[in-house]
Amino acid sequence: MKAGIVWAEFNHRYTEAMKNAAIEFLQQNEVQHISEFKVPGAFELGLGAQHMIQNEACDFVVCIAVVIRGDTSHYDLVCKAAQEGCLNVSLKTGRPVGFGVLTVDTFEQLYDRIWGAKGNGGVHAASAALKMAQKLDFKSNSK
């Protein structure tokens, strides 16, 4: 199988840690072909996932971003757009899209979901996408 990882540049210290953990997990689970695509932020994940499926022939994609609540409603808009974008790509293409978007209120929650007791959000998303690709019995759709 061929995996794609779409990860947000915004909050890159955290998203890069999630991306690296997801890659390590996939390699440990014998996914040999992993392509990366960096996007500006969580809002752009859907288009990035679609690009990876259509142009890189990925069997599944893992989307990774971090959205930290601020003082405005921007947080809610970005979270909803990221979720809907990823879901729409999965339904439109029939390919699994792992949703590794951490939506947190505090840095304590963020650390707990990357390096703490909650495990790594990138690994959780990679695991879900890989399991779905296996259940759907995807083989590489390379062009």
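Residues numbered from 1 in each chain as written. Predicted model: local features only at pLDDT ≥ 70, side-chain atom pairs only at ≥ 80, totals over all residues. Heavy atoms only, no water.

### Here's the deal with the sheet that holds strand β2 (residues 33-39)
Strands in a sheet are paired, the pairing made by backbone hydrogen bonds, and the direction either parallel or antiparallel. Taken together, four strands build an open sheet; the order of strands is β2-β1-β3-β4 and the sheet is parallel. What marks the edges here is a single partner per strand, and that holds for β2 and β4 (97-104). Strand-to-strand twist in this sheet, taken as the mean axis angle between neighbours without regard to direction, amounts to 15°. The pairing of strand β1 (residues 2-8) with strand β3 (residues 60-68) spans five bridges and is parallel. Among the inter-strand pairings, Val6 is bridged to a residue of β3, identified as Cys63. Each of β3 and β4 touches helix α5 (residues 121-135); the most contacted strand, β3, lies at about 155° to it. (Pairing = 2+ DSSP bridges. Helix = DSSP H or I, 4+ residues; strand = E, 2+ residues; numbered from the N terminus. Axes fitted to C-alpha atoms, helices over the stretch in contact; angles between N-to-C directions. Contact = heavy atoms within 4.5 Å.)

### A look at the packing of aromatic side chains
In this structure the tally under the stated criterion is four aromatic pairs. Considering the side-chain rings of Tyr14 and Phe107, the 6.3 Å spacing of their centres and the 50° angle between planes classify their relative orientation as tilted. You can see Tyr14 sitting in helix α1 (residues 12-28) and its partner Phe107 sitting in helix α4 (residues 107-114), a full 93 residues away along the chain. For the pair Tyr14 and Tyr111, a centre-to-centre distance of 6.0 Å together with 80° between the ring planes defines the contact as edge-to-face. Of this pair, Tyr14 sits in helix α1 while Tyr111 sits in helix α4, and the two are 97 residues apart along the sequence. Looking at Tyr14, the relative accessible area reads 10%, which means it is buried. (Phe/Tyr/Trp six-rings, centres within 6.5 Å; stacked < 30°, edge-to-face > 60°. Buried < 20%, exposed > 50% of the residue type's maximum accessible area, 1.4 Å probe, protein only.)

### Quick word on the packing of α1 against α4
It is the contact of α1 with α4, at a shortest axis distance of 10 Å, that shows an interaxial angle of 20°. Taken together, the axes of α1 and α4 lie roughly parallel to each other. For the crossing formed where α1 meets α4, the hand is left-handed. Contacts between α1 and α4 involve Arg13, Tyr14, Ala17 and Met18 on the former and, on the latter, Phe107, Leu110, Tyr111 and Ile114. Class assignment of the residues belonging to the contact of α1 with α4 gives a composition of seven nonpolar, no polar and one charged. (Parallel < 35°, antiparallel > 145°, perpendicular 65-115°, else oblique. Left-handed = near helix turned anticlockwise from the far one by under 90°. Nonpolar A, V, L, I, M, F, W, Y, C, P; charged D, E, K, R; others polar.)

### Digging into unusual backbone geometry
Positive phi values are uncommon outside glycine, yet Glu30 reaches one of about 65°. Relative to the helices and strands, Glu30 is located in the loop between α1 and β2. A relative accessible area of 66% means that Glu30 is categorised as exposed. Positioned with a positive phi, Ala57 is a non-glycine residue whose angle comes to about 55°.

All we've got here are geometric facts, nothing functional implied.
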